[in-house]
Structure formats: structure tokens, C-alpha cells
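# Summary of the model geometry
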Amino acid sequence: MIDEAGTWQRLAALLPREDALQVMDAWNIGEQEGGLHHLVSLLVRQQVVIGETTRAELAVLAEAWGLWPSPLGPGIVQCQGDGCDSPLRLVEHDGDAPMTGASVGLPPELLLLPWIACTESGHVLTRAHTRETWGDLSCLPEYYVILDAGRSTAVHLFPPGAGWDALSALRRLSDPAPEVR
């Protein structure tokens, strides 16, 4: 289970103290959406260096508050990376067309968008959407789906709103198996 308040504090702490206090004030008064906008804009404007895992956590936080992929996706992608190896990597908009649910054993009306990859296990967390009658994808995902390393099988399925649970499961897939003696 992810402690969202703790994640919020950790992300705010990336900023200078005065800016971090503004972001935390937004959290404390229930203005999460405005606080996230402020956080991401400051990270970009101040060229704060963040790791890929932090970028992935920002994406999940933005999704939890209805701000992913729009309007915060482009800003999160713009955040300056640290260039270090990371167990997680944001892969949204990696150029791949959405996969059909049928290609991984799910209902064919689902379209899977790769979102966050585990660099150690190769598993990929996707967001499963349906196509709206006007042609766009649904705003909110119908499911979060973790695919195997070959992107051929759905290994975990999570309901709407369970982005943090899906991210936690993806992280567990990268943990080495305990040694048996």
C-alpha cells in the first residue's frame, strides 16, 4: 500500500523549502490538483533533476487526481532526468500503437496503452481504455493491466482507481525471489 501523503511530502521536498511549503499547503487544504500543477511546473521551471522512478510516481499521482495524461503528462515528461538506472521507467507515448485486449487474453474492446515499465523484470503496467463513440479513448482507464515481459499475457488486472496498487505490484515483480536454503 502506498502512502500518498508521504509520497506527496517526498515529492515536495525536491523543491526549495518555500516552494515545498506551498505544495504541502495545497495538500493540507484539499487543493491537490492545484498543488500538483504547481509542483510539476516548478520542477520543470527550476530544472529539478529527478529519477525515472520519481517520474513514474508523479504520473501515478497525476492519474489518481485526474490529471494524467492531460494536462500534466507533458510537464512530467519534460522534467529533467538524472540519467541513472532505475527499476521503473515511464513509457507513455513510446510510439507504440495501443494493443488490443484480445492480444493478451482480455476483452477485445479494451485498448492497452503502455505506461510504466519495470526495467529489471521487463513487465509493463498499461492503462486499459475503451474507444468512445466519437473516436477518442475513454478519459479514465477501465483497468490497469500488468503484462509479462513479452507483452503477450496479462499477469495482473486492477480495477479503476487502483493505480497505486498496480504500481506496487509492478515493483514487487522486480524484487528478486528470496533465496531458498
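It should be emphasised that the depicted structure is a prediction, and the values quoted were computed from it without experimental measurement.

Bringing the overall build of the protein chain into the picture now. Of the regular secondary structure elements, the protein chain holds six helices and six strands. Listing every helix and strand of the protein chain by position from the N terminus yields α-α-α-α-α-β-β-β-β-β-β-α. Over its C-alpha atoms the protein chain spans a radius of gyration of 17 Å, differing by no more than 12% from the 16 Å that the globule rule assigns to 181 residues. Taken across its 181 residues, the protein chain has 45% of its residues classed as buried. Looking at the protein chain alone, contacts between residues at least 24 apart form 51% of all its contacts between residues at least 6 apart. Accessible surface computed for the protein chain: about 9,300 Å², of which carbon and sulfur atoms make up 54%.

Within strand 3 (residues 111-118), eight of the eight residues are buried, which leaves it mostly tucked inside the rest of the structure. Bridge count for strand 2 (residues 99-100) against strand 3 is two bridges, and the pairing is antiparallel. Bridge pairing in strand 3 places Thr100 opposite Leu111. Strand direction decides the pairing type here: strand 3 and strand 4 (residues 124-129), joined by six bridges, are antiparallel. In the sheet register, Pro114 faces strand 4, and the bridge partner there is Thr126. Where strand 3 folds back onto strand 4 in an antiparallel hairpin, the turn is made up of five residues, including Gly122, whose phi is positive at roughly 85°.

Bringing the pattern of salt bridges into the picture now. Scanning the entire structure with this criterion turns up four salt bridges. Among the salt bridges present, the one from Arg10 reaches Glu57, with a minimum N-O distance of 2.8 Å. One end of the pair, Arg10, is in helix 1 (residues 4-12); the other, Glu57, is in helix 4 (residues 52-64), and 47 residues separate them in sequence. Assessed through its relative accessible area of 39%, Arg10 is described here as partly exposed. Glu57 gets classed as buried once you look at its relative accessible area, which sits at 5%. The partner of Glu63 in a salt bridge is Arg127, with the nearest N and O atoms 3.5 Å apart.

Relative orientation of the contacting elements helix 1 and helix 2 (residues 17-28) amounts to 160°, with a least axis distance of 9 Å. Taken together, the axis directions place helix 1 and helix 2 in an arrangement best described as roughly antiparallel. As helix 1 packs across helix 2, the resulting crossing turns out to be right-handed. Of the residues in helix 2, those in contact with Glu4, Ala5, Trp8, Gln9 and Ala12 of helix 1 are Ala20, Val23, Met24 and Trp27. Looking at the contact of helix 1 with helix 2 residue by residue, the classes come out as seven nonpolar, one polar and one charged.

Ranked by size, the top nonpolar core spans 40 residues in total, and within it Trp115 and Ile116 carry the most contacts. For this core, the element with the most residues is helix 4, which contributes six residues. Setting aside anything within four residues of it in sequence, one finds Ile116 in contact with Ala56, Val60, Leu88, Arg89, Leu90, Val91, His123, Val124, Leu125, Leu167 and Leu170. Core analysis: the next-biggest nonpolar cluster, separate from the first, contains eight residues, Val104, Leu106, Leu112 and Leu147 among them.

In a regular helix each residue adds 1.5 Å, so 14 residues correspond to 20 Å; helix 3 (residues 32-45) covers 20 Å between its end C-alpha atoms and thus fits that length. Three or more residues of helix 3 are buried, namely Gln32, Gly35, Leu36, Leu39, Val40, Leu42 and Leu43. Buried residues of helix 3, viewed axially, fall in a sector of 165°; they line one side. Looking at the buried positions of helix 3, the neighbouring elements they touch are helix 1, helix 2, helix 4 and helix 5 (73-78).

Conventions we followed
- Here the residue index of a chain counts from 1 through its sequence in written order.
- This being a predicted model, a pLDDT of at least 70 is required before a residue's local features are given, and a value of 80 or more before pairs of side-chain atoms are given or counted; all residues contribute to the totals for chains, interfaces and linings.
- No hydrogens and no water enter the side-chain calculation; it runs on all heavy atoms of the structure.
- Starting at the N terminus, helices and strands are each numbered in turn, a helix being any DSSP run of H or I of at least four residues and a strand any DSSP run of E of at least two.
- Radius of gyration: C-alpha atoms only; globule rule: 2.2 Å multiplied by the number of residues to the exponent 0.38.
- Classification of residues uses two cut-offs on accessible area relative to the type maximum, computed with a 1.4 Å probe and protein chains only: under 20% is buried, over 50% is exposed, and between them is partly exposed.
- When checking whether two residues touch, look at their non-hydrogen atoms; a contact exists if any pair is within 4.5 Å.
- Method for areas: the Shrake-Rupley scheme with a 1.4 Å probe, in which residue coverage is limited to the protein chains shown.
- Here the rule is simple: two strands pair whenever DSSP picks up at least two bridges between them.
- Criterion for a salt bridge: a side-chain nitrogen of Lys or Arg within 4 Å of a carboxyl oxygen of Asp or Glu.
- Orientation is described by axes fitted as lines to C-alpha atoms, over the contacting stretch for helices, and by angles from 0 to 180 degrees between their N-to-C directions.
- Working definition: roughly parallel below 35 degrees, roughly antiparallel above 145 degrees, roughly perpendicular at 65 to 115 degrees, and oblique for all remaining angles.
- Throughout, a crossing is termed right-handed when the near helix is turned clockwise from the far one, and left-handed when it is turned anticlockwise from it by less than a right angle.
- Residues are grouped as follows: nonpolar covers Ala, Val, Leu, Ile, Met, Phe, Trp, Tyr, Cys and Pro; charged covers Asp, Glu, Lys and Arg; every other residue, Gly included, is treated as polar.
- Among buried residues, the Ala, Val, Leu, Ile, Met, Phe, Trp, Tyr and Cys ones that are joined through side-chain atoms within 4.5 Å form a nonpolar core.
- In this scheme, a helix's expected span is set at 1.5 Å multiplied by one less than its residue total.
- Taken from the helix axis, the directions to the C-beta atoms give the arc we talk about.

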